[in-house]
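What follows is the residue order along each chain.
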Amino acid sequence: MKEILCLLVILINSCERYVIAEHEEDTSTDLFVIEGKVFPWDNAASTGWQLMTHVMANGGEHYGFLREDGTFIISNVPSGSYMVEVVNPNYVYEPVRVEINSKGKFRARKVNLIQTSQVIQVPYPLKMRPLAPFRYFQIREQWRLTDFLFNPMVLMMVLPLILIMILPKIMNDPETRKEMEQLNNLTIYNMPEMSEVITSFLSGGEKQKSKAVKAAKKRQ
Amino acid sequence: MAPCAWSFRGNINRFLDIPILQCLIVLIGLFNLSLCLYEDQVGKFDWRQNYVGKIKFASFDTVSTAKKIIVATEENVIAALNLKSGQILWRRVLEKGYGGHIRTLGGVTDGDLISVSGGVPAIVRAWDLATGHILNEWPIAEPNSDRIKDVKWHIKDGTLHHILPIYNSGVEVTSYDSKTGEKLKTRRVSAPFISRETECVLAAPYLACLKGDSSLAVVLLIHLFDTNAQSQSVTINTIFGAGAQGPYKLESVLGEGPVISINADNDQRKRILVIGEFPTPIQRDIAGDATLYVVSVDNEKILLETTYKNGKIEITATNLLSSAVIPDLSVTLTHASIQSPTIMASVCPRQTKGITCRHLLSSQDHSIALLQHNKLVWTREEALASIVAVEIMELPMSDRDQAIETEFDQKERDVLSMFLRRITSQINQARAFFQTILDLVPQQSNQRIDLVQDKFGLHKMIVAVTSAGKLYGIETRKGEIIWQFKLPNIRGFTKLSNTMILYVQRGSRHFPHPPQCALLAEDKETGEGVIYTFNPITGQSLDGLVKLGYKIKQSMLLHVATDDFLRGILILDVRDKVHVYPDSATAVAASLGKNIYLFTADQTTGILSGFSLSYSTTQELIAHKVWELLLSPRNQRITQVVAKNPIERVHSQGRVLSDRSVLYKYINPNLVAIVTEGIGHAHKNTLNLYLLDVVSGAMIFSITHKRVRGPIHIVHSENWLVYSYFNEKGRRTEIATLELYEGKIQSNTTVFSSLATTKLPIVERQAFIFPASIEYMQETITEKGITSKHIIVALANGGILELPWMMVDPRRPINPEMREEGVIPYMPEIPVHMDAIINYNQSVSRVMGIYTSPSGLESTCLVFVHGLDLFYTRVAPSKTFDVLKEDFDYYLIVIVLAALLISSYVTKKLASQKAQKQAWK
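About the criteria used
Residues numbered from 1 in each chain as written. Chains lettered and ligands numbered in written order. Predicted model: local features only at pLDDT ≥ 70, side-chain atom pairs only at ≥ 80, totals over all residues. Heavy atoms only, no water. Helix = DSSP H or I, 4+ residues; strand = E, 2+ residues; numbered from the N terminus. Contact = heavy atoms within 4.5 Å. Areas by Shrake-Rupley, 256 points an atom, 1.4 Å probe, with all protein chains shown as cover. Lys, Arg positive; Asp, Glu negative; His and termini not counted. Charge placed at Lys NZ, Arg CZ, Asp CG, Glu CD. Buried < 20%, exposed > 50% of the residue type's maximum accessible area, 1.4 Å probe, protein only. Disulfide = S-S within 2.5 Å. UniProt positions renumbered as here; feature names shortened; annotations may be inferred. Core = buried A, V, L, I, M, F, W, Y, C linked by side-chain atoms within 4.5 Å. Buried area = accessible area lost by both parts, 1.4 Å probe. Salt bridge = Lys/Arg side-chain N within 4 Å of Asp/Glu carboxyl O. Polar contact = N/O pair within 3.5 Å; in protein donor to acceptor, adjacent residues only side chain to side chain. Nonpolar A, V, L, I, M, F, W, Y, C, P; charged D, E, K, R; others polar. Pairing = 2+ DSSP bridges. Phe/Tyr/Trp six-rings, centres within 6.5 Å; stacked < 30°, edge-to-face > 60°.

Visitor: I tried to follow the overall build of chain B on my own but got confused; where do I start?
Guide: Along the backbone of chain B there are six helices and 65 strands. In chain B, once contacts between residues fewer than 6 apart in sequence are set aside, the share between residues at least 24 apart is 50%. With the model as given, the accessible surface of chain B reaches about 43,600 Å², and the carbon-plus-sulfur share is 55%. Positive and negative side-chain charges in chain B, numbering 95 and 91 respectively, have mean positions lying 4 Å apart.

Following this line, the structure appears as structure tokens:
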């Protein structure tokens, strides 16, 4: 384990040195060629996939085009670090970072944008395999029974039905009735029945008023 | 009764919980971030058009089984076009700019396709003619890197010849195998007369050079592949006879056979010289503006002269040597979309019916056309590959709506006349209705029936101005070109980006006044400003091309219209004098003088200055400089000046924090972002961003990024800025955002004033990693600004991403415990969701700009992407909350309502029966 760690450290160091070297020797005119091969998606053996695909280094600074067998080269690249991406509208390919030092030594590694110093090497010449087809579209919702049942409108319909059908049966059950009564006894004093209050208010209110008026008259 | 009622309530509560939960889920669903397209919506409201650009090299592929045309263009594209329809069979887009500049294309007649492109060293690519795959590519070694411009290329029989004239010595010809790149041989042909001043053209296998400028000028011919051959010389006098005047111009004639043309008398006269073992000058004058092409018919060389006069194209075919006119092959043609064409390629095969010639024409307005015998088979509007200015216009009202509008638009309000008008218009409507029912005379209309405003304002007209000076009106439903117009002799203000400015002076809502757009550009010859006003719906010119007679420095659209709803244009010329166009708007401008401020930014001097018009009198507008700022050009260069979209509205004035207090946005309409890139050794790879109030000249905020480089893309809207750059240290693209707040108290709740506000805003900022390269960014815009903002990002891989602004919100908390409503915790990397790619697999190449426009619906924003390809779609950043969804279940709602209705009746019946039964008990 320690050895591996050491190795990693060395790699990181060397990587940093590469970067420094790149900055110092900006004027070096040696040009290199990045090579690799792009593999098609297995199930889509359609012709013309090479035409739809191209390879892009550093977001379009350099292009590489595919031969019929999928191999490509990106020529005229000075030493430095390049993000090599395969551009295909239908399949996802993982980008690879290719580093070329001023002596023309190549190294390819996985792209890690967050921890830029982390190095996971990948073989060079590059082998680009598709990860998955792109999923650009949302799948339209299918009609499903559960969806239908949990639809608020259906629930609105079912709920009264349940109330009508099941409640009387619960009420008929003697035990629950007892429970209810108990509950009712407990709360009856705290909570006067709303409907009663309203009815008494609407019907009895007038009488009381008239009585009150009468009482007032009597006093006079 | 009481216990029953109580329990009832309890049960209701218990049951109600579920629907409430459901509702909650539905609500959450509404606000989730997915903004996808369904597969069946493909092509429903989006379209894409592919272009190739202005043709540079072309040739007919007559070798392959499927006949086609191979073109290479100024946009660094190599493509194959269908001979019959002009559609693109395959297209390869090379590197952008200088790196992909196509230097030569050849070998098509031999069955292969070789292209040489790029800078130093150039890349030679061999393509498969039929499929467009690459066969091989190799870099060509360049000994003299600074002389790449003088290199001439010749491709013949699978060999690529690299021809470089060496001053005072000779011509170096290096031959390579075009497929493998193997160097075959190098030879040097002696030609000591070549100097820096000699003008040489390649007329393979000869190199023709012009020496001297007076009547003693000599055309020298060198055979490139025969080292023993002596150079031949032909004097100008033997070509033109005596009396020709310089300066002379040498040109190689396209087509087959070594032929050159010489212009004399200030391009008034032209003669040709047929090169061979014995060069033969043709003693016949050709019009100076004619373009030439040599085609072989039955082993005989035919010269095609193309002239263009008053809209008429004339192609005259003559026998090259005898100068006898061949009327069968000559063509006269008038067509609106072709102007000053040049034959780029031509073939004349002998068929059973006789000889039919096919000419590929490339016009001055970048359009290309195929002419078969004397019939135009197809045209392609390649000018659309280089759009420089766009506006999206509303379509006018339909005739019926216009009639209603005229009915209520009367000034006098007399009861009787209004009643009469009502009656007449109703009679008219009734008559029109019966006419349509009975299929009688179709309504005579001055506009196309479908080009009218729709209910939701989704159908609009795109007005596009191209770098060729051609204007287009494109409707948005299918992308059909409705009108086109070529403006002669105009160019953009800056050489690099070719900017022209398009203003909408009057929209489509002011019937009976026609909508009006104005284009501001520069005259090609004088560099002075020109203005062209036109109706954006029909393309008709309104005032024609007006030459202003002064150079334009800055311009703006007045925010107040004249009585006929026309908004004037204020122009500041280079001598700081203010002009108003049209003149009728001067009074309006003068009355607004006190509140008008202008600012200018000079890229070369780095000076930004602000002008006020408050010293104006009613007769004259005077621009008075009120502030000046220097961004020293020695250490930085202004690359972008970005203001907010003037039609933008901000609906929400603040942001509610978790403690229920409001953080007010700093919404300064005069705020402009200025981006500069550092130059020189010390400041290399730095990026400076300044936020400047251009009315007061106050610097609001500035920030410097070190070790970053361009390309920088910036979006400025509401109270925030989003910009992207390449971080050299992390070697990744990053997006940074700034957000400005006034604080917890709003200084002025009604109007913002740059002069009254002195408090600097609070700036929130954050940077994010973006895992793709960006080509362009633009924000969405809607009518009232209620809908949340998204950023439309064009990616280098051809995708167009809709990125919610919420993802780049600088207030995304790093500490996940400090959560605010509607704010996602900070994550360094912004994920690129594939379902947010609004153009799905319809990749677009080399995006130059994105134009967004509000539609009639608050939820929907129209997006037009232009570059090499055009793409149009609409997006709904907060989902379509104001219209029913496309997949709204009408049946379900009908069924449910019906079921409820029936069940209520049934239960009513049942209840009455039950009551009856109980009564009997």
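So much for the structure itself; the text now carries on.
Visitor: Any chance you could explain the side chain of Thr-307 of chain B here in plain terms?
Guide: Within the secondary structure layout, Thr-307 of chain B lies in strand β26 (residues 300-309). Look at Thr-307 of chain B and you get buried, because its relative accessible area is 17%.

Visitor: Teacher, can you tell me more about the state of the cysteines here?
Guide: Residue and element names in this part refer to chain B. Overall, the coordinates contain two disulfides over all chains when judged by the stated rule. What pairs with Cys-200 in a disulfide is Cys-209, and their sulfur atoms sit 2.0 Å apart. Here the S-S torsion is close to 105 degrees, and the disulfide linking Cys-200 with Cys-209 is therefore right-handed. According to the relative accessible area criterion, Cys-209 is buried, its value standing at 0%. Linked covalently through their sulfurs, Cys-348 and Cys-357 form a disulfide whose S-S length is 1.9 Å. Because the torsion about its S-S bond is 110 degrees, the bridge between Cys-348 and Cys-357 counts as right-handed. Each disulfide of chain B joins two cysteines, and with those cysteines numbered along the sequence the arrangement is 1-2, 3-4.

Visitor: Hey, could you run me through the UniProt feature "domain: ER membrane protein complex subunit 1 C-terminal" (unreviewed entry) in chain B in this one?
Guide: Mapped onto this structure's residue numbering, the UniProt feature "domain: ER membrane protein complex subunit 1 C-terminal" (unreviewed entry) falls at residues 717-920 of chain B. Along residues 717-920 of chain B one finds 15% helix and 34% strand; the C-alpha atoms at either end are 77 Å apart.

Visitor: Please clarify how the nonpolar core should be interpreted in this entry.
Guide: Among soluble globular proteins, nonpolar side chains are generally buried collectively. Ranked by internal contacts, the top residues of the largest apolar core, which has 57 residues, are Ile-69, Val-71, Leu-360 and Phe-864 of chain B. Not counting residues within four places of it along the chain, the set of residues in contact with Leu-360 of chain B comprises Ile-55, Ala-58, Phe-60, Ile-69, Val-71, Thr-342, Ile-343, Met-344, Ala-345, Ala-369, Leu-370 and Trp-378 of chain B. Core analysis: the next-biggest nonpolar cluster, separate from the first, contains 26 residues, Phe-134 and Tyr-136 of chain A together with Phe-45 and Val-793 of chain B among them.

Visitor: I tried to follow the interface of chain A and chain B on my own but got confused; where do I start?
Guide: Bring the parts together and some accessible area is lost; that lost area is often taken as the interface size. Every contact between the two is made by 58 residues of chain A and, on the other side, 68 residues of chain B. Summed over both partners, the interface of chain A with chain B comes to about 5,700 Å²; 62% of that surface belongs to carbon and sulfur atoms. Between the two partners, chain A and chain B, sit two salt bridges. Residues Arg-731 of chain B and Glu-99 of chain A are paired through a salt bridge, measuring 3.5 Å at the closest nitrogen-oxygen approach. At the surface where chain A touches chain B, the tally comes to 13 residue pairs in polar contact (both at pLDDT 80 or more). The leading source of residues in the side of chain A that touches chain B is helix α4 (residues 152-172) of chain A, at ten residues. In terms of residue class, the side of chain A that touches chain B is built from 33 nonpolar, 14 polar and eleven charged. In this sheet, strand β1 (residues 37-38) of chain B lies alongside strand β12 (residues 137-138) of chain A in parallel orientation, the contact comprising two bridges.

Visitor: What exactly am I supposed to notice about the UniProt feature "transmembrane region" (unreviewed entry) in chain A here?
Guide: When the UniProt feature table is mapped onto this chain numbering, "transmembrane region" (unreviewed entry) sits at residues 148-168 of chain A. As a span, residues 148-168 of chain A carries 90% helix and 0% strand, and end to end its C-alpha atoms are 27 Å apart.

Visitor: Any chance you could explain the packing of aromatic side chains here in plain terms?
Guide: Pairs of aromatic rings are described using the distance from one ring centre to the other and the angle between the two planes. Tallied over the entire structure, the rule returns 20 aromatic pairs over all chains. Aromatic side chains Phe-134 of chain A and Tyr-136 of chain A sit 5.3 Å apart centroid to centroid with 40 degrees between the ring planes, which places their arrangement in the tilted category. The same class applies to Phe-134 of chain A as to Tyr-136 of chain A, namely buried. Between Trp-47 of chain B and Tyr-872 of chain B, the aromatic rings sit 5.6 Å apart at their centres with planes inclined by 20 degrees, giving stacked as the arrangement. One end of the pair, Trp-47 of chain B, is in strand β2 (residues 47-50); the other, Tyr-872 of chain B, is in strand β65 (residues 869-875), with 825 residues separating them in the sequence.

Visitor: Looking at this structure, how should I read the sheet that holds strand β3 (residues 62-65) of chain A?
Guide: In a beta sheet, neighbouring strands are held together by backbone hydrogen bonds and run either parallel or antiparallel to one another. Residues and elements named next belong to chain A. Taken in spatial order, the six strands line up as β3-β2-β5-β7-β8-β9 in an open sheet, and their pairing is antiparallel. Single-partner strands in this sheet number two, and they are β3 and β9 (121-122). When strand β2 (residues 54-57) meets β3, the two strands line up antiparallel, connected through four bridges. Paired with Ala-57 across the bridge in β3 is His-62.

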